[in-house]
Number of protein chains: 2
Amino acid sequence: MELQNTLVKKPQPVPEPTVRRMPSYLTILHRLHDEHVLFVSAPQLARQLNVDPTQVVKDISYTGITGRTRVGYGVDELIGGLEEFLGFNRKHEAFLVGAGFLGSALMQYQGFREAGMKIVAAFDTDKKKIGTEVAGIPVFDLEKFRDLAGRLHITIGIITTPASVAQQIADLMVGWGIKAIWNFTPIALKVPSNVIIQDTHIYANLAVMLNKLAAIKEEI
Amino acid sequence: MELQNTLVKKPQPVPEPTVRRMPSYLTILHRLHDEHVLFVSAPQLARQLNVDPTQVVKDISYTGITGRTRVGYGVDELIGGLEEFLGFNRKHEAFLVGAGFLGSALMQYQGFREAGMKIVAAFDTDKKKIGTEVAGIPVFDLEKFRDLAGRLHITIGIITTPASVAQQIADLMVGWGIKAIWNFTPIALKVPSNVIIQDTHIYANLAVMLNKLAAIKEEI
DNA sequence: TCTTAATAAAGAAAAAAATCTTTAATTAAT
DNA sequence: ATTAATTAAAGATTTTTTTCTTTATTAAGA
Ligand SMILES: NC(=O)c1ccc[n+]([C@@H]2O[C@H](COP(=O)([O-])OP(=O)(O)OC[C@H]3O[C@@H](n4cnc5c(N)ncnc54)[C@H](O)[C@@H]3O)[C@@H](O)[C@H]2O)c1
Ligand SMILES: NC(=O)c1ccc[n+]([C@@H]2O[C@H](COP(=O)([O-])OP(=O)(O)OC[C@H]3O[C@@H](n4cnc5c(N)ncnc54)[C@H](O)[C@@H]3O)[C@@H](O)[C@H]2O)c1
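Residues numbered from 1 in each chain as written. Chains lettered and ligands numbered in written order. Predicted model: local features only at pLDDT ≥ 70, side-chain atom pairs only at ≥ 80, totals over all residues. Heavy atoms only, no water.

Enquirer: For this particular structure, what's the right way to read the site of ligand 2?
Expert: Taken together, 24 residues sit near ligand 2, with Tyr109 of chain A together with Leu102, Asp124, Lys129 and Thr161 of chain B positioned nearest. This site is not confined to one chain, since residues near ligand 2 come from chains A and B. Within the side chain of Tyr109 of chain A, a nitrogen or oxygen atom sits 2.7 Å from an oxygen atom of ligand 2. Within the backbone of Gly100 of chain B, one N or O atom sits 3.4 Å away from an oxygen atom of ligand 2. (Near = heavy atom within 4 Å. Polar contact = N/O pair within 3.5 Å; in protein donor to acceptor, adjacent residues only side chain to side chain.)

Have a look at this one:
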């Protein structure tokens, strides 16, 4: 019984900072690909991203892709390895709740396709929005969510409602079988431990920026 | 000469993770304030944010606000302390370049006022957008940026242009006296070391979420 | 062919952050 | 007034992440 534990491969020992850096590598690699560059070295990537070269080597090692001494990594091979690792080459269908300003911007955003994510439907309670389309994505009455999520086997939910209703939307999503919630409201959502919450807290970024800005102003 | 160094207070030894958590404390505190709650303990805050109680105590200690044993922290006092520390009670005026979908969403967003930030003008190269207004914020020709930034002493720039032009916008901003750039494009911008870059890389969050989602699916 | 320089890779060390532990204060209950 | 429980605060420990160091490989140049 104890033995099994050593045989089962550990779920995710990849450091989160590494995962966060990977899409940045991809951005650079895609540009290099477009410029018909065939190989790139870790120090080159490191310079463009202001990180340590050995950090780049370590990050890339998690993908299983190996480089060649004095040559670097094959650009296309590395793109493939990163996309495979991140799951960007698979199809991830998502539902969005709250088709307001931010929700609409996300629906319009073409960049998610590069990450394999597709917002297939949006939901709102505003009668004026229900029945409309945003960038070809239909906006349904929130009531329809349960039925559609079950039928289409949707596992990703995006919340861009006002903060005041975010928790109740999250509760509904959990009940409807959503496994991962991308939360753009400033609320800390409470969900069962088997549901993944990904917060994009815009204030956190703003706070860090203002903090640094205040620091350099103090120096003067 | 060496002595001076010990007298001058260190610029910012506050851990970035602490700064990132502070706006979340504020969100909860504002709700407590609205509910006329006068005191809150660190363990209470910790439970709501799923962080360690001692972490909360440590984070709050950076604001200089002290709590009372068996009572907790005064809600209003703590709000004041956090806002003061983060600079949310000061006025931060910003220019935004790229009045597209995301840029417009940010301009419409009322929440920045809570953080003292005000987008005072937007800039674009699209003739159809120049001369219009978004949520009362005028959209000017990019050419006007330099002149206005200098006259209004703007130090914060927000970039929501297509990724392909982000670096050249950043270069222009630096030349025009911008001290902090909030970058929403997936590009790693190169700027002089005295200019602050704050990236909001949406792919990084997506990558972490997909990675965790893949991990739980693997377990099954 | 031999040498040199660049680089991936692995491991060690350092730094940063989170968590755990202890202490002391003090409020509320008895 | 006394006791017990709660909690802030400070410090120690552990964990995580980054940076530094070493080694070995190998492509390019002499
Ligand atoms: N706009 C931004 O740039 C921005 C940036 C960061 C964070 N946010 C956050 O994103 C969220 C939305 O912001 P916004 O500016 O798009 O607001 P918004 O008012 O434009 O959009 C909210 C939408 O949610 C809908 N809605 C309200 N209650 C609902 C419910 N119970 N079920 C389903 N839909 C419901 C509304 O009808 C509306 O369409 C907020 O929580 C905000 O804090 C916005
Ligand atoms: N829309 C989203 O939800 C979203 C999410 C994350 C990141 N982003 C990033 O934000 C950026 C903008 O995305 P979007 O969806 O708003 O695109 P968009 O095309 O709607 O907006 C871009 C705007 O920039 C303007 N522009 C183009 N060149 C310019 C220049 N040289 N100077 C000034 N303005 C210029 C365009 O006229 C347009 O108004 C992209 O880099 C994208 O990767 C968008």
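Enquirer: Please explain the protein's contact with DNA strand D as it appears in this structure.
Expert: Close to DNA strand D lie 23 residues; Lys58 and Thr69 of chain A together with Ala42, Arg70 and Tyr73 of chain B are nearest. Take the atoms of DNA strand D that sit within 4 Å of the protein: sugar and phosphate atoms are 66% of them. Within the side chain of Thr54 of chain A, an N or O atom sits 3.3 Å from a base nitrogen of DNA strand D. The separation between a phosphate oxygen of DNA strand D and a polar main-chain atom of Gly67 of chain B is 3.3 Å.

Enquirer: Teacher, can you tell me more about the environment of Val120 of chain B here?
Expert: Residues and elements named next belong to chain B. Here Val120 is to be found in strand β4 (residues 117-124). Overall, Val120 belongs to the partly exposed group, its relative accessible area being 21%. Considering only alpha carbons, one finds Val120 and Asn50, 70 residues apart in sequence, at a separation of 36 Å. (Helix = DSSP H or I, 4+ residues; strand = E, 2+ residues; numbered from the N terminus. Buried < 20%, exposed > 50% of the residue type's maximum accessible area, 1.4 Å probe, protein only.)

Enquirer: Would you mind showing me how to read the pairing of β4 of chain B here?
Expert: Every regular strand shows the same layout, with side chains that alternate between the two sheet faces. All names here are of chain B. Judged by how many residues are buried, β4 sits mostly within the fold: six of eight residues are covered. Bridging between strand β3 (residues 92-97) and β4 involves six bridges; their strand directions are parallel. Note that in β4 the partner of Val97 across the bridge is Phe123. Handedness of the β-α-β unit built from β3, helix α6 (residues 101-108) and β4 comes out right-handed. Sheet topology note: the β4/strand β6 (residues 137-141) ladder contains three bridges and is parallel. Note on β6: the bridge partner recorded for Asp124 is Asp141. (Pairing = 2+ DSSP bridges. Right-handed = clockwise from strand over helix to strand, strands pointing away.)

Enquirer: What should I look at first to understand the sheet that holds strand β8 (residues 180-183) of chain A in this one?
Expert: Remark on secondary structure: sheet strands pair via backbone hydrogen bonds, oriented parallel or antiparallel. Residues and elements named next belong to chain A. Spatially, β5-β6-β4-β3-β7-β8-β9 is the arrangement adopted by the seven strands of the open sheet, whose pairing is mixed. Since the sheet does not close on itself, it has two edges, and those belong to β5 (133-134) and β9 (196-199), each with one partner. The sheet strands contacting helix α8 (residues 163-175) are β3 (92-97), β7 (156-159) and β8, and the helix crosses β7 at an angle near 170°. (Contact = heavy atoms within 4.5 Å. Axes fitted to C-alpha atoms, helices over the stretch in contact; angles between N-to-C directions.)

Enquirer: Would you mind showing me how to read the site of ligand 1 here?
Expert: Taken together, 24 residues lie near ligand 1, and Leu102, Asp124, Lys129 and Thr161 of chain A together with Tyr109 of chain B sit nearest. Near ligand 1, residues from chains A and B are present, making the site a shared one. Here Ala163 of chain A contributes a backbone N or O atom positioned 3.4 Å from an oxygen atom of ligand 1. Contact with the protein chains removes 85% of the 810 Å² of surface that ligand 1 exposes when unbound. Looking at the shell around ligand 1, the elements with two or more residues in it are α6 (101-108) and α8 of chain A together with α6 of chain B. (Areas by Shrake-Rupley, 256 points an atom, 1.4 Å probe, with all protein chains shown as cover.)

Enquirer: Whenever I open this one, helix α2 (residues 16-34) of chain B confuses me. Can you help?
Expert: Residue pairs spaced three or four apart in an α-helix point in one direction, given the helix's 3.6 residues per turn. For α2 of chain B, which comprises 19 residues, the first-to-last C-alpha distance of 28 Å matches the rise-based estimate of 27 Å (1.5 Å per residue) to within 8%. Note on α2 of chain B: the residue one or two positions beyond its end, His36 of chain B, has a positive phi of about 60°. (Expected span 1.5 Å × (residues − 1).)

Enquirer: Help me out: how do you make sense of unusual backbone geometry in this one?
Expert: Apart from glycine, the bulk of residues carry a negative phi angle, and the bulk of peptide bonds sit in the trans form. Notably, Ala135 of chain A is not glycine yet its phi reads approximately 50°, a positive angle. With respect to the element layout, Ala135 of chain A can be found in the loop between β5 and β6 (137-141). The backbone phi angle of Arg70 of chain B is positive, close to 65°, even though this residue is not glycine. Position of Arg70 of chain B among the secondary structure elements: in the loop between α4 (53-61) and β2 (73-74). Residue class for Arg70 of chain B comes out exposed when judged on its relative accessible area of 85%.

Enquirer: Even after reading the chapter, I still don't get the interface of chain A and chain B, so can you show me in this structure?
Expert: Where the parts come together, the accessible area they lose is often given as the size of the interface. If you look at the interface, chain A gives 64 residues, while chain B gives 63 residues. At the boundary of chain A with chain B, total buried surface from both sides reaches about 5600 Å², with 67% on carbon and sulfur atoms. At the surface where chain A touches chain B, the tally comes to two salt bridges. Between Glu16 of chain A and Lys212 of chain B there is a salt bridge; the shortest N-O distance is 3.9 Å. Taken together, the links from chain A to chain B amount to 12 residue pairs in polar contact (both at pLDDT 80 or more). When contributions to the side of chain A that touches chain B are tallied by element, the ones reaching two or more residues are α2 (16-34), α3 (42-49), α5 (75-86), α6, β8, β9 and α9 (202-219) of chain A. The element that contributes the greatest number of residues to the side of chain A that touches chain B is α9 of chain A, accounting for 17 residues. (Buried area = accessible area lost by both parts, 1.4 Å probe. Salt bridge = Lys/Arg side-chain N within 4 Å of Asp/Glu carboxyl O.)

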